[in-house]
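Given next are the chains, with one letter for each unit.
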Amino acid sequence: MWHRTELSSKYDEALHQINSQLEYWPKFLVHKSKQRLTKLTQLLIRSRRLEKVESCKIETIPARHAQRDARTERKVCLSLLGCETLLVTYDVLPCIRPKWQHALTKVLKMSYWGV
């Protein structure tokens, strides 16, 4: 009935191969085969072009994680506001995880400006 043949990597030669291999097939199927070849060729061209361009990878954070981080940051801020000795000494900064250091600096600014 039918068999798989490997097409040339050159687009024009592949189109000629499709014409010669499917010479007696219905024109609609020949046309669909050519469309499929064109679509795959364009996909390969686009993917090669995108590989050349270096772009930053966008990482999504699940909503649960973002809410959890916001809750923890709020708790850190509240606990630091309640403890005046921590606000006076800056020795606490190295022992706090880097993720929460911005919360501590925000609290320190708030206490300095009296907000």
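Everything numeric in this text was worked out from a predicted model, so none of it was measured.

Right, let's talk about the layout of surface pockets for a bit. By volume, the largest pocket is sized at about 840 Å³. Lining the largest pocket are 25 residues; nearest its centre among them are Thr-5, Leu-7, Ile-18, Ser-33 and Arg-36. For the lining of the largest pocket, the secondary structure elements donating two or more residues are α1 (11-21) and α2 (27-52). At 10 residues, the largest contribution of residues to the lining of the largest pocket is made by α2. In the lining of the largest pocket, the residues fall into 13 nonpolar, eight polar and four charged.

Between α1 and α2, whose axes approach to 10 Å, the crossing angle comes to 160°. Here α2 runs roughly antiparallel to α1, going by the angle between their axes. Between α1 and α2 the crossing geometry is right-handed. In contact with Tyr-11, Ala-14, Leu-15, Ile-18 and Asn-19 of α1, α2 contributes Val-30, Ser-33, Lys-34, Leu-37, Thr-38 and Thr-41. When grouped by side-chain class, the residues that make up the contact of α1 with α2 number six nonpolar, four polar and one charged.

Our focus in this paragraph is the pattern of salt bridges. Here the structure, examined in full by the defined rule, presents one salt bridge. Where Asp-69 meets Arg-68, a salt bridge forms, and the shortest distance between an N and an O atom there is 3.7 Å. The exposure class of Arg-68 is partly exposed, given its relative accessible area of 41%.

This brings us to α1. Along α1, the positions that sit buried rather than exposed are Ala-14, Leu-15 and Ile-18. Along α1, the residues classed as buried sweep out an arc of 100° about the axis, all on the same side. Residues of α1 that are exposed and point more than 90 degrees away from the buried face comprise Asp-12 and His-16. Buried residues along α1 sit in contact with α2.

Let's shift gears to the confidence of the model for the protein. The pLDDT averaged across the protein works out to 79; a share of 69% of its residues lies at or above 70. Highest mean pLDDT in the protein belongs to α1 (95); lowest belongs to helix α4 (residues 84-88) (48). Here residues 85-93 is a poorly scored stretch, pLDDT under 50, and it has 11 contacts once near neighbours within four places are set aside; other chains count.

Let us look at the nonpolar core. Grouped together as the largest cluster of nonpolar side chains are six residues: Ala-14, Leu-15, Ile-18, Leu-22, Val-30 and Leu-37. Those elements that provide at least two residues to this core are α1 and α2. With three residues, the single largest contributor to this core is α1. Apart from the residues lying within four places of it in its own chain, the contact partners of Leu-37 are Leu-7, Tyr-11, Ala-14, Leu-15 and Ile-18.

About the criteria used
- Residues numbered from 1 in each chain as written.
- Predicted model: local features only at pLDDT ≥ 70, side-chain atom pairs only at ≥ 80, totals over all residues.
- Heavy atoms only, no water.
- 1 Å grid on protein atoms, 1.4 Å probe; cavity = no way out; pocket = protein on both sides within 12 Å on 5 of 7 lines; lining within 4 Å.
- Points joined across faces, edges and corners; volume = space filled by probe spheres on them.
- Helix = DSSP H or I, 4+ residues; strand = E, 2+ residues; numbered from the N terminus.
- Nonpolar A, V, L, I, M, F, W, Y, C, P; charged D, E, K, R; others polar.
- Axes fitted to C-alpha atoms, helices over the stretch in contact; angles between N-to-C directions.
- Parallel < 35°, antiparallel > 145°, perpendicular 65-115°, else oblique.
- Left-handed = near helix turned anticlockwise from the far one by under 90°.
- Contact = heavy atoms within 4.5 Å.
- Salt bridge = Lys/Arg side-chain N within 4 Å of Asp/Glu carboxyl O.
- Buried < 20%, exposed > 50% of the residue type's maximum accessible area, 1.4 Å probe, protein only.
- Arc of directions from axis to C-beta.
- pLDDT = per-residue confidence, 0-100.
- Core = buried A, V, L, I, M, F, W, Y, C linked by side-chain atoms within 4.5 Å.

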